[in-house]
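Residue-level structure breakdown
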Amino acid sequence: MKSYKNHSFAIILYTIVLSTLALLYNNPLYLGCIFCITGIMIIRQRQLAPWGKFLLFSLTMVLFYTLCNPLFSSSGSTILWRSGRVPIIGRIRITLEALLYGMTMGGKLITIGSIFYLYNAWMDTDQALSFFSRFADRSALLFTMTVSLFPRLKREALEVGDIMRARGASIQQGSLFTRIKAVYPMWKVLLITALEGSLDMAEAMEARGYGIGRRTRYQTEIIAPSDRALIGCTLILLVLGIMSLGYGSGNMTFYPVITGSYIPWDLWWLMGMMGVGIIGAAAYSVPTGKEEWS
Amino acid sequence: MKALQLKEVTYLYPGETKKALDEVNLTVLQGEFILILGPSGCGKSTLIRAMNGLVPQFYGGTIGGQILYLDQEVYTYPKHQLLGEIGMVFQDPEKQMVMNTVEREVAFGLENLGIAPKEMKKRVMEVLSYLGLLPLRHRELHTLSGGEKQKTALAAALVMKPTVLLLDEPTSQLDPTAAEELLHILHQVNQEVGITIVLLEQRMDRCFVSADRIIYMEEGRISRDTIPREFVQWAAQKRTAWMPPVAKLFKDQEIDSLPLTVKEGREKLIGKTIPTITRSPCTAPSTTPVLRLTEVSFGYPKYPLALDKTSIQCTQGEFICVLGANGAGKSTLLKLMAGLIKPVGGKIELLGQVLSRYHPQEVPKIVGYLGQNPGHYLFHDTLEEEWAYTLALLGITSRTSIQDIGALLHLQHRMQHNPRDLSGGERQRAALGSILVVDPQILLLDEPTRGIDPILKIELGDFLQKQQQQGKTILMVTHDIEFAATYSQRIILLIDGMVVADGLKEEVLDGGLFYSPQVNKVFYGITSGVVTVEQGVALLDTMKEVGG
């Protein structure tokens, strides 16, 4: 089980700052830095093996971006390869800039995905519900229920998949078309089952008084010294991030030529951010004393 | 004092013309234990939902008459007070859970009612220790067994300090031991805490002992409202399917009153001479093996082996029931036999050939697999399309079997209906039909009796026996010991991934603590090998003849 390792506010602030910086940066060096900070924290959560699987799966997306961007974007001045005239599409130009832009965007996607992965590994759904319900009771519950629906649907999908195969459907064999055709009814069953299940859950919640008035909270989180350290590191990271962007270091223009990298300055920013990230990961602390009843 | 009172209550679900409740009059006294029985679709679930206002407040529809809680209309009673005082536990524990961990799930209702945190902590800890859930309080709910989940659901209801507890078939998903434990807890909270219990249950045989009154419903109406002893006398004349096996055993004996419990049944035998049974040696209908597992092992990642070096042989025309606790590896066994998962060790042979060598689409023509949830088989617009889908998947062009199976399962008049609109029993049969249309030689059925009423169980049992007589091999996983004792010939008892018993039902079900039918318990220590009502009745008749 996940124990309450940090205060919800510290976790949420940390992941919001990281994802905002990942969204704003276009420079692969800075994106790499955010990726590393995220990775260190994921490793601290002892989630390296499952994260590795996630990364392996995400690599296909990077590959997709890297390959597709140069095919559809002919911007960029350093031409690596030029095709003959292709009907409808015209002439294809593969440029270095388009290739690097595609790779950077793929990297950005993996970084943001990893930040969400970190949030999911770090934050307990019950803890999230308690925290968010202070501000938006119904939306928080809806969000929590949606998140908890996925593992249930996954189990359900495995069961339905077995039944489809028991009836003779080729969901793991044959051409891609055959498999897609076989999987379609499976989604239909899952959708119907999920709808029926959500009605059952809504009824159970109604029977237990959900939504009849102001809720109280079973557990009240307290901010521990480790949370303060983590929040401090997050704020320093945010300041460093804004400054690096303000000085133009985190940005990179890809078209028509790659501009915007000033290595000496970058090194300082990057070293600073990495340092703060590592201190932040060290501040991720023990589960003791974090679960309180007021 | 009256806890609940229903006066002339009539209810129609939105868009329906048939009344789900039809002029129902019922009074529930404080501290009573009420057992509600009746065939599927008779309005039992609607009735208890009307008691706490879910009908019509959640479902909509039209309601008439009066529903009073402590002499006040439920709709005018303060809602947060009403929901605290009338607790509810549903059939499927998984579908009623909102939070992630046991402790938070139990506290969820209290949070909704705005209870102060200190009071919440006291109540949660108290109820967790009362139900023995304290060691599990930090566990994530999906890691719990079925029985633990249902106990958590019960804890979540009890923590609200209800005066009335409504339970909608809470044991239908549980194995015999977990079901027994839950019913024991209900008896205890009724006796010791004084909570009024209103229980709907299909596995009624173990509930008669706790019930103060039995309500029998049909077609949205209450047909009988009486004490258990009178109900059994009435059922013996009018509705024999609803009698507990121990009462059925003595139905045709000349005795004053029918027994309700094993203890009472045994008292009827005091001073009688029981002749020794000479059972003719029972052999398998055929010696042709159709399915053979040799030292088969299987494990899910991160878990101990679900099956450990299991060897089983099924011959043609056998009807075998597999019993065991939740998580014992029963469903895994069926999936291995259907070729849906591959063993990590050992060999599975189907009709003499290694199962993995079959083309995946050849196996469903020989082995029909019915999973636990019939809903997973039903997603087409009509039943006919649903069954035709299986034929199309296996490349069978002839559709004649659809009509034949429709007639066989008594669903011919439902062929153009949406299978999702069918009643519980019809849905079960519709799912069964979707595998029977290809006429498989072997039927693998995973808990097909779950949540179905005694009449439908008899229909299903008779149907399966006919299939067996036609030479089909049936292997069925079930928690229903009475069903297994009545219809199968052979029992496999699976515990913790190991076959601990495999043999004739008269041997395996004889003298067990949990895995024995009521009739066997009546004759425990007196004679052995009596597991069905028919066998018991025959024995009692012999006893009369010898003047015992």
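Residues numbered from 1 in each chain as written. Chains lettered and ligands numbered in written order. Predicted model: local features only at pLDDT ≥ 70, side-chain atom pairs only at ≥ 80, totals over all residues. Heavy atoms only, no water.

It is worth spelling out the confidence of the model for chain B at this point. Across chain B, the average pLDDT comes to 91, with 97% of residues at 70 or higher. With pTM at 0.83, the complex prediction returns an ipTM value of 0.84. (pLDDT = per-residue confidence, 0-100.)

This paragraph deals with the pairing of strand β19 (residues 490-495) of chain B. Residue and element names in this part refer to chain B. Of all six residues in β19, five are buried; the element is thus mostly enclosed. Of the pairings in the sheet, the one linking strand β13 (residues 319-323) to β19 comprises four bridges and is parallel in character. Bridging from a neighbouring strand, Cys321 pairs with Ile491 of β19. Strand direction decides the pairing type here: β19 and strand β20 (residues 498-504), joined by six bridges, are antiparallel. The residue bridging Ile495 from the neighbouring strand is Met498, located in β20. (Buried < 20%, exposed > 50% of the residue type's maximum accessible area, 1.4 Å probe, protein only. Helix = DSSP H or I, 4+ residues; strand = E, 2+ residues; numbered from the N terminus. Pairing = 2+ DSSP bridges.)

Further remarks concern a nonpolar patch on the surface. All names here are of chain A. Taken together, the side chains of Leu80, Trp81, Leu96, Leu100, Met103 and Ile258 present a nonpolar region at the surface, about 530 Å² in accessible area. Here the nonpolar patch gets three residues from one element, more than from any other, and that element is helix α4 (residues 96-122). Examined against the element boundaries, Leu96 turns out to sit in helix α4. Relative accessible area serves as the criterion here: at 32%, Leu96 is assigned to the partly exposed category. (Patch = residues over 30% accessible without salt bridge, like charges linked within 9 Å, V, L, I, M, F, W, Y side chains within 5 Å. Areas by Shrake-Rupley, 256 points an atom, 1.4 Å probe, with all protein chains shown as cover. Salt bridge = Lys/Arg side-chain N within 4 Å of Asp/Glu carboxyl O.)

What follows concerns the pairing of strand β11 (residues 289-299) of chain B. Residues and elements named next belong to chain B. Two elements, β11 and strand β12 (residues 305-315), share seven bridges in a ladder whose sense is antiparallel. The residue of β12 that forms the bridge with Leu293 is Ile312. The antiparallel pairing of β11 with β12 creates a hairpin that spans five residues between the two strands, and Lys302 there sits at a positive phi of about 70 degrees. Note: β11 against strand β14 (residues 345-350), five bridges, orientation antiparallel. Among the inter-strand pairings, Arg292 is bridged to a residue of β14, identified as Glu349.

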